[in-house]
Structure formats: C-alpha cells, structure tokens
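Residue-level listing of the chains:
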Amino acid sequence: SIHKSYAQEAVKPRISPLAIVTMKYEDNYVKVTYNQPHKRARKIFGELVKYGEVWRTGANEATEITLTGDLIIQQDTLASGTYSLFTIPNENEWTIIFNKQLGQWGAYNYHEPSDVLRITVPTETIKDVVYEPFTISFEQKNEQANMWLMWDRTKVAVPIRFLD
C-alpha cells in the first residue's frame, strides 16, 4: 500500500548518518551537528571534495555549531549563537568559516557576506589511521580545546578557548 512505502521511507537510514558531538566547560556548552559521509574507496580531498572550494563540512545539510557562551577561536572572539560551519580545504591548509546563515543544504547557497569569522589552520596527514567516515571530535583540557575535523588521511585542528 502507499502508506507502507511512506513509512519505510521515513525510517530508512541515511547513507551519511547524522552525528552530534559536544563539549562543556563550566557553564559553557558547544554542540556540533553534522552528517558523516564515508570514504567508500573514493579519493576524498582534491577530487570528491575539491581544493579551493567551499565545502559544507560533511554531507547533506551544512554542519552547524552552537555555542552557549563566547569562545576564542585562534585569536578571535566568536559570540555565542548558532552558525553554519563551512570549510575551504586545500592541500596544506584549510579555511574554517563560521557563517550566520542557518538551515542550508550543502554549500550551494553559501553567502560570503554572512561570514562572521574566518581562520586558517594547517592540515596534518594521518599515517596509520584512515577515517572511513568524516569525523568531528573535541580534544579538551580545561578551558583549552581543539575541534578536530578528520577524514581519510587528513585532519585539521581548530583551536578553541573558553572565556572565564
């Protein structure tokens, strides 16, 4: 019946599943919501994800980051709120973009004038571990943290400091 197919469609898992990662320091909380594309034997950076082009930093909807308090990202202050997290991957460095336009699908309607903060971070090559799914994680020590963006054999660290 037609109702059965709608029900099956509603519960069908996504090829790039939803993931949420969080961290907390004192009363401040950070949450990243993203979708995890998988490598699936493809060449990732430079081919599937083009160098020098704005990427949604995951799959499906653009990745979003929510902060309940102001943070220092590298040397700049990022005010509390929710932002789309875009990146521009290159071979040796990535541009990390915090953008105030929310609810976007991919980076198709990315709007540079809505950027709130842009930083550049170096890439690192992973020798032994290959990340099959694109993964975002936090590595935290007290008020200092790195937000790691990792896929295939590439990772970048976004330095974060909670304000006291």
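Let us look at the structure shown here.

Conventions we followed
- Each chain carries its own residue numbering, running from 1 in the direction its sequence is written.
- Owing to the predicted nature of the model, reporting of local features is limited to residues with pLDDT of at least 70; listing and counting of side-chain atom pairs is limited to 80 or more, with chain, interface and lining totals taken over all residues.
- Just so you know, side-chain values use all the structure's heavy atoms and leave hydrogens and water out.
- We define the nonpolar core as a collection of buried residues of types Ala, Val, Leu, Ile, Met, Phe, Trp, Tyr and Cys that are connected through side-chain atoms lying within 4.5 Å of one another.
- The buried label goes to any residue with under 20% of its type's maximum accessible area, the exposed label to any with over 50%, and the partly exposed label to all in between, with areas taken from a 1.4 Å probe on protein chains only.
- Only heavy atoms enter the contact rule, under which two residues are in contact if any of them lie within 4.5 Å.
- For this analysis, a salt bridge means a side-chain nitrogen from Lys or Arg found within 4 Å of a carboxyl oxygen belonging to Asp or Glu.
- Secondary structure elements are defined from DSSP: runs of H or I of at least 4 residues count as helices, runs of E of at least 2 residues count as strands, and each element is numbered from the N terminus.

### Concerning the nonpolar core
If you look at the biggest cluster of nonpolar residues, it comprises 35 residues, and the most contacted ones within it are Ile73, Ile96, Phe98 and Met147. Excluding its chain neighbours within four sequence positions, the residues that come into contact with Phe98 are Ile65, Ile73, Leu78, Tyr83, Ser84, Leu85, Ser114, Asp115, Val116 and Leu117. Listed in part, the six residues of the second largest apolar core include Phe86, Ile88, Ala107 and Tyr110.

### A word on the pattern of salt bridges
Applying the stated criterion across every chain, the model contains three salt bridges. Asp152 is the partner of Lys39 in a salt bridge, and the nearest nitrogen-oxygen pair spans 3.4 Å. Separated by 113 residues along the polypeptide, Lys39 in the loop between strand E2 (28–35) and strand E3 (64–67) and Asp152 in strand E10 (residues 144–152) bring together distant segments of the chain. Like Asp152, Lys39 is buried. A salt bridge links Arg118 to Glu112, with the nearest nitrogen and oxygen atoms 3.9 Å apart. Classification of Arg118 as partly exposed rests on a relative accessible area of 35%. Accessibility expressed as a relative area gives 48% for Glu112, which makes it partly exposed.

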